[in-house]
Amino acid sequence: MYLITRFLPLPRLISSQTLVLSFTREGASCRQLHCQPSQGRNLFPQSGLICPPLRPLLAPTSHPQISITRHGTNFFNKLPAQKLWKGVISVSKHGAQKGRGRGAGRKLAKDLNRGQVIGVGAVNMVWPGLNAPIIRGQEVVQQQMLGPDPDRHRKLLEIRDKMGRVRFRKVNPLERGWTGTKMGGKKIGPPDPVGNDTFEGFESVVLEYKVVSHMRGDGGKFRRVSVLSVTGDGMGLAGFALARAPAPNTALSMSKNRAGQRLIKIPLYNNHTILHDFHSQSGITEVFVRKMPEGHGLVCHRALKAACEIIGIKDLHVYIKGPKNVREVVKAFFLGLMKQKSYQQLAEEKGLHVVELRKEQFNYPKVLASPVHAPLRTLSDIPPNENLDFSTYVMGDRVMLKPVEEPSSILPLLPKKGRQPEGRETFLRKYKERRNFRRALIDLITEYGDERSFLAKQYPEAWKNYGRRNWNNDSDDDE
Amino acid sequence: MALLERTFFSLTSKLNFKGMRHILIPDTPTIVIPVRGAKQKYHPDSFIGFRVEPRENHNRQYVSHPLIYKDADPAPRFMDARVRAILKDLTGCDHSKVFRHRALLSISAPEIVFFTDEQLKIAQNDAKIKADKLLSMPPVVKVRAEEVQDISFDPALQGIMPNFKIVFTDISLGIPDNKRIIVVRENSGKLRHANGAERQRMNEIYNPRKGRKHYVSELFTAKCLPDVLARGQYEFVLDRACLQFEPDEPEYQSVVAYVYEALDKKQHYDSLLSTRHYGPMLFFLVWHKCLNNFLEHHLMAGRLDVASQVVKLYCLLHQKSDVAKAMTDFRDPMHVVQTFVSLECMDTSARVQLALKQCKELLRSQQQVEQNVAAALGQSS
């Protein structure tokens, strides 16, 4: 009897007629159940519960027989829940060695009781003393049926669906670093305040994160985490530092705090790029850094790009010669930044005016600095073999090896010699047909607000948006 | 002309309509034939007839303005050295504005060079010449005549190309656009010189200018222009007009007059300072005697010298006016402006007189301040 009440949600079988069951019992499980409305005994003779006359939920009253049958035995009704779940979520030894059952997507046991409350079921009933108080105010609460809750089943399923899988927190794509799984390129916030000095407006970024180890006499292999990070305020104040610690979080915070103690002021040109081109070296890693116009962007190693964003440099090109070891590259770059000369300094060194010529200002000679302490030299004072080329002078007479340019896929290809694999003549012949496409497109958009040719009026299907908007009733649409 | 005729007859059999292309033009259907001079060699197949049809946007109208130079020719006055000197002087040459940052298609890092003093002076001198070039004023000329000269009438050629007129254009090299021979054979058999619109269209076909559009840009229509001007983009519109039109086109003069009027209404004269458009704008205001706002603006700011220069310009342009007759001596700016206001602005604008009064007070207070400063410094004036 108790089995029936356990396995079958009671109200499901309640009908206006007396519910009669005949059943057999084998072992611990119920094998066969028959509900016959016309014959049998009261379900709850001892409990004294009065079943109210209810609408049949499972079958219409005229149905002669309700039959729920489960044949035979199987693992499902023999094993306890714990073992059943183990069968679902466990990973073989071989699989575990391969790393299965770890990380996102790992299966977990579901708690099927979650969301279920005693006294609340599929039929929405008020049971005084179970899910409602017995006396409310002066009145005794009566047992009664409320309207059905159509969302109950869906909500239960929702709660169950949320369980059973490991999910990672959604991280904004901009905060995922370079690869998403490793720490490199991830931001770790400003350094911790020292006393009353806070690092307001600072941000730090991890440039290198790796596990390093060495052998110790007492404990064998000793592992630590090594973190290289750079911190800065985005306005030319920045520093970088390396720190090692056994725990990852300790290493990260140590690194950024140390970087915060080693800040240097980097002079910027118009707050967007460096003062001048420079060459710098650390170990056998050499960097050739070129100043770039506004809007060019950062074209360099990803670690330098991250460092530049932290420093506040927006336009730059860096060519690295030699090994691209992050520590060496960053060190060489920072050394070069520190060794930049101001225009005044250059003017004093040379005894000449330092003048800026910009194409977009018709090469108007803008004097950046003139020598004050050193005498201003004339042409006759300058020896014939002196290097007067600004670019090579600031680069220390070094010339960068220019990498071969790849054709850009975004901008229209300009016919340049030696760029097209098919040969210049063939390229030019083909390019002739589309050389004005971009300009024509801009003209069309200015003229019609869309990409449509003069043919579109006569042949509307020639317009790429054919069918989406009506060509003839444009003005009507606008209204 | 005989050559053109001969060429045409020899070509009528050769005209191959397969090779014709469609070009849009605001006129009746036309056949266009390029012709080269007798001395130049040509390949017989180089003569291609174009069928030219009305352009798609021919319903669009440029803004129109009554104040175009249609009666007297302003060119001689505009070319007068004294007039140009005043215009250039008032335009000014602020290098930070003349050489301001302009948008280019490609960007490059600024170049830095080492200069000696002599090299720097040469570069600065070059910049001055460049500035003069950038500030050279668009010409102010009379609007072009619409009547065209007939050349001949040949009844035998009547209806030779039904529904078409035929345009012959001399496309020999080295001929400026305004000297190019362009003639039209009407369907009635009349041979005449091409009118202004036809000339402009033919020149555009054979000698296109970069940035010039063959359709009416919406910018110059009454729908868009007020909005653009309300944003204060006077120089942009004027630059675009210079690019799009010839100075003697009525469309150009209308657009430009429209801009000047909008600018005058808001007294935004300073936005054109150190640009090539300031001179023609001032010339326009003086020529059409719309100086009230200009004088008021400058007198309120205490710029008496500017006002007196403008009065001088007025006397040069309107030599038969009362002011020109009354004015003998231009040395005292206050006297010059006062004479002008009393003779020209008495009944038109009380605001100018008020501004003159305010200008006087401003100058007096400035003088007072200077005296006080001098006294405080212990100097006797």
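Because the structure is predicted, anything quoted here is derived from the model rather than measured.

What counts, and at which threshold
- Residues numbered from 1 in each chain as written.
- Chains lettered and ligands numbered in written order.
- Predicted model: local features only at pLDDT ≥ 70, side-chain atom pairs only at ≥ 80, totals over all residues.
- Heavy atoms only, no water.
- Helix = DSSP H or I, 4+ residues; strand = E, 2+ residues; numbered from the N terminus.
- Buried < 20%, exposed > 50% of the residue type's maximum accessible area, 1.4 Å probe, protein only.
- Patch = residues over 30% accessible without salt bridge, like charges linked within 9 Å, V, L, I, M, F, W, Y side chains within 5 Å.
- Areas by Shrake-Rupley, 256 points an atom, 1.4 Å probe, with all protein chains shown as cover.
- Salt bridge = Lys/Arg side-chain N within 4 Å of Asp/Glu carboxyl O.
- Lys, Arg positive; Asp, Glu negative; His and termini not counted.
- Charge placed at Lys NZ, Arg CZ, Asp CG, Glu CD.
- Expected span 1.5 Å × (residues − 1).
- Polar contact = N/O pair within 3.5 Å; in protein donor to acceptor, adjacent residues only side chain to side chain.
- Pairing = 2+ DSSP bridges.
- Contact = heavy atoms within 4.5 Å.
- Buried area = accessible area lost by both parts, 1.4 Å probe.
- Nonpolar A, V, L, I, M, F, W, Y, C, P; charged D, E, K, R; others polar.
- Axes fitted to C-alpha atoms, helices over the stretch in contact; angles between N-to-C directions.
- Core = buried A, V, L, I, M, F, W, Y, C linked by side-chain atoms within 4.5 Å.

K.L.:
Break down the overall build of chain B for me, with residues and values.
P.N.:
Across its full length, chain B holds 15 helices and 8 strands. Across the 381 residues of chain B, 44% fall into the buried class.

K.L.:
Give a description of a positive patch on the surface that names residues and reports values.
P.N.:
A surface patch of positive charge is lined by Arg429, Lys432, Arg435 and Arg439 of chain A together with Lys210 of chain B. Tracing the chain through its elements places Arg429 of chain A in helix α12 (residues 424–434).

K.L.:
Which residues make up helix α9 (residues 326–338) of chain A, and what are the values?
P.N.:
Residue and element names in this part refer to chain A. The end-to-end C-alpha distance of α9 is 18 Å, a good match for the 18 Å that 13 residues give at a rise of 1.5 Å each. All buried positions along α9 are accounted for by Val326, Val329, Val330, Ala332, Phe333, Phe334, Gly336 and Leu337. Here α9 starts with a cap whose side-chain oxygen sits 3.0 Å from the backbone nitrogen of Arg327, and that cap is Asn325.

K.L.:
Tell me about the environment of Asp94 of chain B, and name the residues and values.
P.N.:
Residues and elements named next belong to chain B. With respect to the element layout, Asp94 can be found in the loop between α3 (81–91) and α4 (95–98). Its relative accessible area of 41% is what places Asp94 among the partly exposed residues. Spatially, the C-alpha atom of Asp94 lies 9.1 Å from that of Thr275, the residues being 181 residues apart in sequence.

K.L.:
Requested: an account of the pattern of salt bridges, with residues and values cited.
P.N.:
Enumeration according to the criterion identifies 28 salt bridges over all chains in this entry. Residue Arg398 of chain A is joined to Glu286 of chain A by a salt bridge in which the shortest nitrogen-to-oxygen separation is 3.7 Å. Here the residue Arg398 of chain A occupies a position in the loop between α11 (390–394) and α12, and Glu286 of chain A occupies one in strand β13 (residues 285–291), the gap between them amounting to 112 residues. Residue classification places Glu286 of chain A among the buried residues on the basis of a relative accessible area of 11%. When the shortest N-O distance is used, the salt bridge between Asp150 of chain B and Lys190 of chain B registers 4.0 Å. Of this pair, Asp150 of chain B sits in strand β5 (residues 150–153) while Lys190 of chain B sits in strand β8 (residues 190–193); the two residues are 40 residues apart in sequence, bridging distant segments of the chain. Among the residues examined, Lys190 of chain B registers a relative accessible area of 27% and is labelled partly exposed. Among the charged side chains, a salt-bridge network with shared partners connects Asp177, Arg180, Arg209, Arg212 and Glu246 of chain B.

K.L.:
Describe the pairing of strand β8 (residues 203–216) of chain A, naming the residues involved and giving the relevant values.
P.N.:
All names here are of chain A. Pairing geometry for β8 and strand β9 (residues 220–232), over 13 bridges, is antiparallel. Paired with Ser204 across the two strands is Thr231, which belongs to β9. Counting the residues in the hairpin turn of β8 and β9 gives 3 residues.

K.L.:
Could you give me a rundown of the interface of chain A and chain B, with the residues and numbers involved?
P.N.:
Counting from both sides, the interface comprises 39 residues of chain A and, opposite them, 32 residues of chain B. The three residues of chain A that bury the most area against chain B are Glu360, Phe362 and Glu447 of chain A, which together make up 21% of that side's buried surface. Connecting chain A to chain B are 1 salt bridge. The residue Lys213 of chain B makes a salt bridge to Asp443 of chain A at a minimum N-O spacing of 2.9 Å. Put simply, the parts of the chain that give the side of chain A that touches chain B at least two residues each are α10 (343–350), β16 (353–357), β17 (366–369), α11 and α13 (437–448) of chain A. Broken down by element, the side of chain A that touches chain B gets its largest block of residues, 5 residues, from β16 of chain A. Each residue belonging to the side of chain A that touches chain B can be placed in one class, and the counts come to 23 nonpolar, 5 polar and 11 charged. By the bridge criterion, 5 bridges tie β16 of chain A to strand β4 (residues 111–115) of chain B in an arrangement that is antiparallel. Note on β4 of chain B: the bridge partner recorded for Leu357 of chain A is Glu111 of chain B.

K.L.:
Report on the sheet that holds β16 of chain A, specifying residues and quantitative values.
P.N.:
The antiparallel open sheet is built from 3 strands, whose spatial order is β17(A)-β16(A)-β4(B). In the strand order of this sheet, the two ends are held by β17 of chain A together with β4 of chain B, each with one partner. Taken over all neighbouring pairs, the strand axes of this sheet differ in orientation by 40° on average, direction set aside. Sheet analysis places β16 of chain A next to β17 of chain A, joined by 3 bridges and oriented antiparallel. Looking at the pairing, Val355 of chain A lines up with Val367 of chain A of β17 of chain A. Each of β16 and β17 of chain A together with β4 of chain B touches α10 of chain A; the most contacted strand, β17 of chain A, lies at about 85° to it. Against the sheet, helix α5 (residues 117–134) of chain B makes contact with β16 and β17 of chain A together with β4 of chain B, and its axis sits at roughly 130° relative to β4 of chain B, the strand it touches most.

K.L.:
Just give me the short version of unusual backbone geometry, but keep the residues and values in it.
P.N.:
Although it is not a glycine, Asn270 of chain A adopts a positive phi angle of roughly 50°. Along the chain, Asn270 of chain A turns up in the loop between β11 (264–265) and β12 (278–282). A relative accessible area of 53% means that Asn270 of chain A is categorised as exposed. The phi torsion at Gln267 of chain B lies on the positive side, around 55°, for a residue other than glycine. Summarising the element assignment, Gln267 of chain B is placed in the loop between α9 (250–266) and α10 (278–287).

K.L.:
Could you give me a rundown of helix α8 (residues 302–311) of chain A, with the residues and numbers involved?
P.N.:
Residue and element names in this part refer to chain A. Counting buried residues along α8, 7 of its 10 residues qualify, which places the element largely inside the surrounding structure. Of the positions making up α8, those classed as buried are Ala303, Leu304, Ala306, Ala307, Cys308, Ile310 and Ile311. The inward-facing, buried residues of α8 contact β8, β9, β10 (237–245), β14 (298–299), β15 (316–321) and α9. Immediately downstream of α8, the backbone of Gly312 shows phi near 115°, a positive value.

K.L.:
Any chance you could break down the nonpolar core for me, citing the residues and the numbers?
P.N.:
Grouped together as the largest cluster of nonpolar side chains are 66 residues, with contacts concentrated most on Val237, Phe283, Leu291, Phe294 and Leu299 of chain B. Looking at this core, the element that brings in the most residues is helix α12 (residues 304–317) of chain B, giving 10 residues. Sequence-distant contacts of Leu299 of chain B, that is, excluding residues within four places in its chain, are made with Leu304, Ala307, Val337, Val352, Ala355, Leu356 and Cys359 of chain B. Core analysis: the second largest hydrophobic core is formed by 33 residues, Ala238, Ile266, Val326 and Val330 of chain A among them.

K.L.:
Tell me about the pairing of strand β7 (residues 182–185) of chain B, and name the residues and values.
P.N.:
Residues and elements named next belong to chain B. Along β7, one buried face is formed by Ile182 and Val184 and the opposite face, lined by Val183 and Arg185, is buried too. In this structure, strand β6 (residues 165–170) lies alongside β7, joined through 4 bridges in antiparallel fashion. Across the sheet, the residue bridging to Ile166 is Arg185, located in β7. Relative to β8, β7 runs antiparallel, the two being bridged by 3 bridges. When the bridges of β8 are listed, Val183 appears paired with His193.

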